[in-house]
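Coordinate analysis (summary)
Residues per chain are reported as follows:
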Amino acid sequence: MYGIVTRNAEELDWPEFDRAFYEVKDAAGQPREPVPNGVNTLSCFGDTSAAAGDPSLVPVSESGERATRDRPHFDWSYVCPSRDAYREGLLETIADCADRAPDVRLDDVGFPRAEYCHCEVCDADFAASDHDDRADWRASVITDFIQDAADRVPGRTYLAVHPDPYPGHLRARSGIDLDAVSGHVAEVVVPLYDTAYGTTYWIEALATGFRDRIDALESDVDLGIELYAANVEVEALSRATDVAGAYADAVYFGYESGTARAVLRRRRAEEREGESFG
């Protein structure tokens, strides 16, 4: 199965693709109206616009470092997952998306990195919780959010995760506990982005790691791998597709549907070569 991730509504019905994800809210915070003919997709706690509009929402580390895009390791700014009003707004948006189309994809779920968050709200919530370990509390916060989101989605809930399959790393980094949330999501999507795909061994290493991780879950969860298609040569992207497709249930292409369409057309043409009828 092949699909695209796009911000262009006119691409959602291109026949080459089995599935189309439409960004209703990106990590910059740019909103768009949900569509009825795609999988509405939203960045949850990655929201540069909201963070700029209300700096008090930004997660902070124990040493006071804020999770904003002007700091190393951050491509966008974050909102703390413990903020009730923001979280309720997200859940309302998810419900609105589900009203237009049954499937919804959740991106940028979780805390921004392992050292976050130590804001006053998080400190108070952790102190009032039943957890003695802060990592366990963080995981409970994210698991509860994913469950609440999935409860509002009548179809498939997709969850995008950081591309690190090593045991315990997702939980330590963002609070996503795959074992705990596997009963609430239908597919885990792993972005494996590169601007050239000059080599593919690393795609295989990460894909096999996630394949093993997903197969070990108690619930039946699919694995999707998302490749970057913008300004990537068709031949290189096709090679990357071969590798990703060997381990994933679906391969998706991000942000350049024309290149993705060229890859699929070439692959299908090559599959037909050599056939004869008589």
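Calculation notes
- Residues numbered from 1 in each chain as written.
- Predicted model: local features only at pLDDT ≥ 70, side-chain atom pairs only at ≥ 80, totals over all residues.
- Heavy atoms only, no water.
- Helix = DSSP H or I, 4+ residues; strand = E, 2+ residues; numbered from the N terminus.
- Buried < 20%, exposed > 50% of the residue type's maximum accessible area, 1.4 Å probe, protein only.
- Contact = heavy atoms within 4.5 Å.
- Lys, Arg positive; Asp, Glu negative; His and termini not counted.
- Charge placed at Lys NZ, Arg CZ, Asp CG, Glu CD.
- Expected span 1.5 Å × (residues − 1).
- Arc of directions from axis to C-beta.
- Polar contact = N/O pair within 3.5 Å; in protein donor to acceptor, adjacent residues only side chain to side chain.
- Pairing = 2+ DSSP bridges.
- Axes fitted to C-alpha atoms, helices over the stretch in contact; angles between N-to-C directions.
- Phe/Tyr/Trp six-rings, centres within 6.5 Å; stacked < 30°, edge-to-face > 60°.
- Patch = residues over 30% accessible without salt bridge, like charges linked within 9 Å, V, L, I, M, F, W, Y side chains within 5 Å.
- Areas by Shrake-Rupley, 256 points an atom, 1.4 Å probe, with all protein chains shown as cover.
- Salt bridge = Lys/Arg side-chain N within 4 Å of Asp/Glu carboxyl O.

Structural notes on the overall build of the chain
Helix and strand content of the chain: nine helices and eight strands. If you line up the chain on its principal axes, its C-alpha atoms span 75 × 35 × 35 Å. Counting over 278 residues, the chain shows a buried share of 50%. Here the contacts in the chain between residues at least 6 apart in sequence split such that 70% fall between residues at least 24 apart. On the chain, the mean spot of the 27 positive side-chain charges and the mean spot of the 54 negative ones are 4 Å from each other.

Overview of the environment of Ala128
Positionally, Ala128 belongs in helix α3 (residues 120-128). For the pair Ala128 and Ser82, spaced 46 residues apart in sequence, the C-alpha separation works out to 13 Å.

Let's talk about helix α9 (residues 257-272)
Taking 1.5 Å per residue, 16 residues should reach 22 Å; α9 reaches 23 Å between its end C-alpha atoms and fits that length. Among the residues of α9, Ser257, Thr259, Ala260, Val263, Leu264 and Arg267 are the ones counted as buried. Around the axis of α9, the buried residues are gathered within 165° of arc, so they sit on the same side. On its buried face, α9 sits against β1 (2-6), α8 (234-245) and β8 (250-254). Where α9 begins, the capping side chain belongs to Glu256, and its oxygen is found 3.2 Å from the backbone nitrogen of Gly258.

Digging into the sheet that holds strand β2 (residues 19-25)
Spatial ordering of the closed barrel is given by β1-β2-β3-β4-β5-β6-β7-β8, a layout of eight strands whose pairing is parallel. Each strand of the sheet is rotated relative to its neighbour by a mean of 25°, with strand direction disregarded. Inspection of the sheet shows strand β7 (residues 222-228) paired to β8 by five bridges, in the parallel sense. When the sheet's bridge partners are listed, Glu226 is paired in β8 with Tyr252. In the packing of helix α2 (residues 84-100) onto the sheet, contacts are made with β2, β3 (39-43) and β4 (104-107), and the angle to β3 comes to roughly 165°. Strands β1 and β8 of the sheet are contacted by α9, whose axis makes an angle of about 170° with β1.

Re the packing of aromatic side chains
Tallying each qualifying case throughout the model produces 12 aromatic pairs. For the pair Tyr2 and Phe253, a centre-to-centre distance of 6.4 Å together with 20° between the ring planes defines the contact as stacked. You can see Tyr2 sitting in strand β1 and its partner Phe253 sitting in strand β8, a full 251 residues away along the chain. For the residue pair Tyr2 and Phe253, the accessibility class agrees, reading buried in each case. Plain terms: the ring middles of Phe45 and Tyr86 are 6.2 Å apart, the flat faces sit at 40° to each other, and that makes the pair tilted. In this pair, Phe45 is assigned in the loop between β3 and α1 (48-53) and Tyr86 in helix α2, connecting sequence segments 41 residues apart.

A few points about unusual backbone geometry
Among all residues save glycine, negative phi is the norm, and among peptide bonds the norm is trans. A cis amide bond links Tyr116 to the next residue, Cys117, at an omega of 10°. Within the secondary structure, Cys117 is located in the loop between β4 and α3. We note that His73 has phi near 80°; this positive angle belongs to a residue other than glycine. Judged by its relative accessible area of 67%, His73 falls in the exposed class. For Asn231, which is not a glycine, the phi torsion comes out positive at approximately 60°. Inspection of the secondary structure assignment puts Asn231 in the loop between β7 and α8.

Things to note about a negative patch on the surface
The grouping of Glu33, Glu88, Glu92, Asp96, Asp99, Asp144, Asp148 and Asp151 at the surface amounts to a negative patch. Contributing elements (two or more residues each) for the negative patch: α2 and α4 (134-151). Examining the composition of the negative patch, we find that four residues originate from one element, α2, more than from any other. Counting through the fold element by element, Asp99 comes out in helix α2.

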